[in-house]
Amino acid sequence: MQVSDANRRTGREGAAGLVRLRLLATSDLHMHILPWDYAQGRTAPDRGLAALATLIAAARAEVPNSLLLDNGDFLQGSALGDHLAEAGLPEGATHPMIAAMNHLRYDAATLGNHEFSHGLAFLRAALARAEFPLVASNLLPLGAGNIFAEGPLPGVADGLLLEQVVTDEAGQRHDLTIGILGVMPPQTAIWERAALAGLADVGDIPAAAARMAAQLRAAGADLVIALCHSGIGFDPPGEGMENAALPLAATDGIDAIVAGHAHLAFPSPRHPAGEGVDVLQGTIAGKPAVMPGCFGSHLGVIDLLLEHEFAAGWRILSHRSTLRAAQAASGTGPATGPTLPDPAILSLATPAHRATLGWLEQPVGWTDRPLSTAFAMVAPCEALRLLAAAKARHVRDRLQGTPHAHLPVLASSAPFRAGGRGGPSNFTLIQRGPLSLRHVLDLYPHPNTIAALRLTGAELVDWLEHATGVFRRIRAGGRAQLLVDPDVPGFQFDVIHGLDFRIDLSQPARFDHKGQLADPAARRITQLTWQGEAIRPEAEFILATNSYRAGGGGGFAGTGPGRIILSEPVAVRDILTEHIRTRGTVLPPARGSWSFVPMPGTSVQFATSPDARHFLRDAGDLALEQGELDEDGFLTFRLSL
């Protein structure tokens, strides 16, 4: 546990012993410093820490007793971050995100799961020049070493005490000790196995929070704030929950929560509601909480009115949770128009931004036809076929001369950019013509490495059954029913290319969103074949995939460290780049296809990019009827089944 002095010397008129404390929070910035969409190569005024900086300054001016906190996943997630990781930080240089956070005088931050995505060496170099303390309360060192003090992450503590001097409403100064704990999903140990294996495990969120809250209180904390890089889920409480903000909030000794990881906005009427979660007042288990979106879309604000009593110490009299949007069009929180970026943040990030733009313009190849994910949720997608072909080719070459060489190689791929929580601009939309590295990162935005599994036919079926859980159950004869479950991210629709099958939407999902068997009698996958023949349950195949999925990310059948037969430190996007360069053009062989089982008199509705009208060819011969733009800016289509 560390102690940090972060004094604020301000005054207001009013009653003695009453202190207004404001908590300002960012989360899931994912290396979006500037208002720029690197995949599309255009400005994006609804994102970026530079715009939030303006909101932060205004919020601080309103309530001088303020803390600025970040909830993790700040170092990875954009081309800017990828280029910095590939090029490496020059000796003595400050990572631009860290420089921006230093400039804004963050008081504390926690680590998210993606902080480890570029490896521990890069993480250590990036954090070395941070002028704010960091916390990771459920990152558990393994063996004799200490990942915090002696190992690769010096300066990261399991808990923090911030010693504040605050001014009450009468202008009198008081000492206030604020405890900070930070947690990340326990699945981080699986997702980021390449970085953490043998060095650290990631413990259960509520258990770690309860332990650290008690320690912070015992060490003198007047308040305890939980930086919870985890979503607000509604699963029954249990060990190993990925989205555990609700049971964490119910923990004794915790006063306020910053949630994240799920890329949602809270409080907001659009956030899923459930027992213990007030989406309008912004409370979880009765305690104030915020989840400030992603990519710098929102600033979270928790206002606390504290009262100091000589014998009892500090207590919270009232609280209020709100969001402030970086742009009015984002639809959540007060805003009067696009937020002007902070010139100082722009200046700090511009050199790295320009270098990234140059890096992205490296020529790669050519595409003879448009490639998009606009209709990837309703029809076979050529962009994903291309990705699958590249992975399958690489794995097939690597397995030559091994005991696995005789087995057929299939490949899985999912639409990373298919709308959802990323908004109507979150689609791959590539026109016919030359391809650059920018387009490769558009097709595959994550730093995952290549991996392969040896699966049975039965496991392939279960893989596809789990993937179809992104769809809602459709009632025969119903009209314009919502097709995609908004609570399941599109990247869970992990299709296995090389197989032919149909999806029966009249059936319930066989697996829940975590991969647990939900309905043993349910079967959505029908007419599954490989090369025209039905697949036997005992038949064996090689499945080319990525390190995240192979390690167990998403809970798909046949995954986990013990099932991996090939794992290389080669990024999937590098494999895709080489595949395109070698072939010159990107058109893959059209192998494998899927479709929905016909349901006469039945229709569904789905949302896609407002530019999807220019990519209708990707929808094939589907019976589509174009609708209007919805309130979030998505273009709606009705599909007759």
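Throughout, residues of each chain are indexed from 1 in the direction in which the sequence is written. A pLDDT threshold of at least 70 governs which residues receive local features in this predicted model, and a stricter bar of 80 or more applies before side-chain atom pairs are shown or counted, although totals over entire chains, interfaces and linings include all residues. Where side-chain values are given, they derive from all heavy atoms of the structure, hydrogens and water being excluded.

Asker: Can you help me understand the overall build of the protein chain in this one?
Answerer: Secondary structure follows DSSP: runs of H or I at least 4 residues long count as helices, runs of E at least 2 residues long count as strands, and numbering of each begins at the N terminus. Regarding its fold elements, the protein chain presents 14 helices and 37 strands. A compact globule built from 641 residues should have a C-alpha radius of gyration of about 26 Å, and the protein chain, at 25 Å, falls within 12% of that. C-alpha extents for the protein chain along the principal axes are approximately 80 × 55 × 45 Å. Note on classification: 1.4 Å probe, protein chains only; a residue is buried when its accessible area is under 20% of the maximum for its type, exposed when over 50%, partly exposed between these limits. Per-residue burial over the protein chain gives 58% buried out of 641 residues. Long-range pairs, those at least 24 residues apart, make up 76% of the contacts in the protein chain between residues at least 6 apart in sequence. For every accessible area listed, the method is Shrake-Rupley and the probe measures 1.4 Å; residues are considered covered only by the protein chains on display. Total accessible area on the protein chain is roughly 24,500 Å²; 51% of this is exposed by carbon and sulfur atoms. A residue counts as positive if it is Lys or Arg and as negative if it is Asp or Glu; His and the chain ends are not included. Working definition for charges: the position is that of NZ of Lys, CZ of Arg, CG of Asp or CD of Glu. Computed over 51 positive and 64 negative side-chain charges, the separation of the two mean positions in the protein chain equals 5 Å. Within these notes, the globule rule equals 2.2 Å times the number of residues to the 0.38 power, and the radius of gyration is based on C-alpha atoms. Contact between two residues is taken to exist if any of their heavy atoms lie within 4.5 Å; hydrogens are not considered.

Asker: Help me understand the nonpolar core in this model?
Answerer: One recurring pattern in soluble globular proteins: nonpolar side chains tend to sit buried together. Nonpolar cores are built from buried Ala, Val, Leu, Ile, Met, Phe, Trp, Tyr and Cys residues. Side-chain atoms within 4.5 Å join them into one set. Core analysis: the largest hydrophobic core is formed by 88 residues, its most contacted members being Phe74, Phe116 and Leu127. Ignoring anything within four residues of it in the chain, the contact list for Phe74 reads Leu29, His30, Met31, Met97, Ile98, Met101, Ala109, Thr110, Glu115, Leu127 and Leu134. With 50 residues, the next largest nonpolar core counts Leu410, Leu464, Ala467 and Phe493 among its residues.

Asker: So what exactly am I meant to see when it comes to the packing of aromatic side chains here?
Answerer: How two aromatic rings sit relative to each other is given by the distance of their centres and the angle of their planes. When the centres of two rings from Phe, Tyr and Trp lie within 6.5 Å, Trp using its six-membered ring, the rings pair. Their planes under 30 degrees apart give stacked, over 60 give edge-to-face, and anything left gives tilted. If you walk through the whole model with that rule in mind, you get 13 aromatic pairs. For the pair Phe493 and Trp594, a centre-to-centre distance of 5.3 Å together with 85 degrees between the ring planes defines the contact as edge-to-face. In this pair, Phe493 is assigned in the loop between strand E27 (481–482) and strand E28 (495–497) and Trp594 in strand E34 (residues 593–596), connecting sequence segments 101 residues apart. Here Phe493 and Trp594 have matching classes, each one buried. Taking 5.5 Å as the distance between ring centres and 85 degrees as the angle between the ring planes, the aromatic pair formed by Trp530 and Phe541 counts as edge-to-face. Of the two residues, Trp530 sits in strand E30 (residues 525–530) while Phe541 sits in strand E32 (residues 540–546), which places them 11 residues apart along the sequence. The buried category is assigned to Phe541, whose relative accessible area is 4%. Taken together, the ring pairs connect Phe471, Phe493, Trp594 and Phe596 into an aromatic cluster.

Asker: Whenever I open this one, the sheet that holds strand E29 (residues 500–503) confuses me. Can you help?
Answerer: Two orientations exist for strands paired in a sheet by backbone hydrogen bonds: parallel and antiparallel. Strand pairing is defined by DSSP finding a minimum of two bridges between the two strands. Spatially, the 4 strands line up as an open sheet ordered E31-E30-E29-E34, and their pairing is mixed. In the strand order of this sheet, the two ends are held by strand E31 (533–534) and E34, each with one partner. Where E29 and E30 come together, 3 bridges link them in antiparallel fashion. Looking at the pairing, Ile503 lines up with Ile525 of E30.

Asker: For this particular structure, what's the right way to read the side chain of Thr468?
Answerer: With respect to the helices and strands, the residue Thr468 is situated in the loop between helix H12 (457–467) and E27. Overall, the relative accessible area of 1% leaves Thr468 in the buried class. For Thr468, the residues in contact, after removing those within four places along its chain, are Ile503, Arg524 and Ile525.

Asker: Looking at this model, I keep getting lost on the pattern of salt bridges. Mind explaining?
Answerer: Two side chains with opposite charge may pair up if their charged atoms get near one another. We define a salt bridge as a contact between a side-chain nitrogen of Lys or Arg and a carboxyl oxygen of Asp or Glu at a distance within 4 Å. A complete count under the given rule lists 21 salt bridges for this structure. Between Arg22 and Glu62 there is a salt bridge, and its shortest N-O distance comes to 2.7 Å. A residue pair is termed long-range when its members are at least 10 positions apart, and Arg22 in strand E2 (residues 18–26) and Glu62 in helix H1 (residues 49–62) qualify at 40 residues. For Glu62, a relative accessible area of 38% puts it in the partly exposed group.

Asker: How do you make sense of the packing of helix H3 (residues 96–103) against helix H9 (residues 343–360) when you look at a structure like this?
Answerer: Between two packed helices, both the angle of their axes relative to each other and the distance between the axes serve to describe the pair. The contact between H3 and H9 brings their axes to 9 Å, and the two run at 170 degrees. Between H3 and H9, the crossing angle belongs to the class labelled roughly antiparallel. Residues Pro96, Ala99, Ala100 and His103 of H3 touch H9, and the partners they reach there are Ala344, Ile345, Leu348 and Ala352. Only Asp, Glu, Lys and Arg are considered charged, only Ala, Val, Leu, Ile, Met, Phe, Trp, Tyr, Cys and Pro nonpolar, and every remaining residue, Gly among them, polar. Across the contact of H3 with H9, the residue classes tally to 7 nonpolar, 1 polar and no charged. Each axis is a line fitted through C-alpha atoms, taken for helices only over the stretch in contact, and angles between the N-to-C directions span 0 to 180 degrees. Orientation labels follow simple angle bins: below 35 degrees gives roughly parallel, above 145 gives roughly antiparallel, 65 to 115 gives roughly perpendicular, and whatever is left gives oblique.

Asker: Is there a simple way to explain empty space enclosed by the protein in this structure?
Answerer: Rolled over the atoms, a probe with the dimensions of a water molecule shows which regions are left empty. We place a 1 Å grid over just the protein atoms. Points where a 1.4 Å probe fits but has no way out form a cavity, open points with protein on both sides within 12 Å along at least 5 of 7 lines form a pocket, and any residue with an atom within 4 Å of a point lines it. Grid points are joined across faces, edges and corners, and a volume is the space filled by probe spheres set on the points. Considering all chains together, one arrives at 3 cavities of 30 Å³ or more under this definition. Looking at the largest cavity, its volume works out to about 90 Å³. As for the largest cavity, its lining consists of 16 residues, of which Pro380, Cys381, Val495, His497 and Trp594 are closest to the centre. Taken together, the residues of the lining of the largest cavity sort by class into 11 nonpolar, 4 polar and 1 charged. In this structure, the second largest cavity spans a volume of roughly 40 Å³. In terms of residue class, the lining of the second largest cavity is made up of 5 nonpolar, 2 polar and 2 charged.

Asker: Mind showing me how you'd approach the environment of Gly423 here?
Answerer: Position of Gly423 relative to the elements: it lies in the loop between strand E23 (409–413) and strand E24 (429–430). By relative accessible area, which is 14% here, Gly423 ends up buried. In the structure, Gly423 is positioned 267 residues away from Val156 in sequence and 33 Å away in space, judged by C-alpha atoms.

Asker: Hey, could you run me through H3 in this one?
Answerer: Within an α-helix, residues lying three or four positions from one another point in the same direction, as the helix has 3.6 residues per turn. Extensive coverage of H3 is indicated by the burial of 7 of its 8 residues. Within H3, the full set of buried residues consists of Pro96, Met97, Ile98, Ala99, Ala100, Met101 and Asn102. In this structure, the buried residues of H3 make contact with H1, strand E5 (66–70), helix H2 (79–87), strand E6 (108–110), helix H4 (120–127) and H9. Looking one or two places after H3, you find Arg105, whose phi comes out positive at around 60 degrees.

Asker: For this particular structure, what's the right way to read unusual backbone geometry?
Answerer: Residues other than glycine predominantly adopt negative phi, and peptide bonds predominantly adopt the trans conformation. Each neighbour pair has its own omega, and for Phe266 with Pro267 the value is 5 degrees, a cis peptide bond. Within the secondary structure layout, Pro267 lies in the loop between strand E15 (265–266) and strand E16 (277–278). One non-glycine residue with positive phi stands out, namely His30, at about 50 degrees. The backbone of Arg105 sits at a positive phi, close to 60 degrees, despite the residue not being glycine. When you line up the elements, Arg105 lands in the loop between H3 and E6.

Asker: Can you walk me through the sheet that holds E2 in this structure?
Answerer: The mixed open sheet is built from 7 strands, whose spatial order is E9-E7-E6-E5-E2-E19-E20. For this open sheet the edge positions go to strand E9 (156–157) and strand E20 (313–325), each flanked by a neighbour on one side alone. With 2 bridges joining them, E5 and E6 adopt parallel strand pairing. Within E6, the residue paired with Asp70 across the bridge is Ala109.

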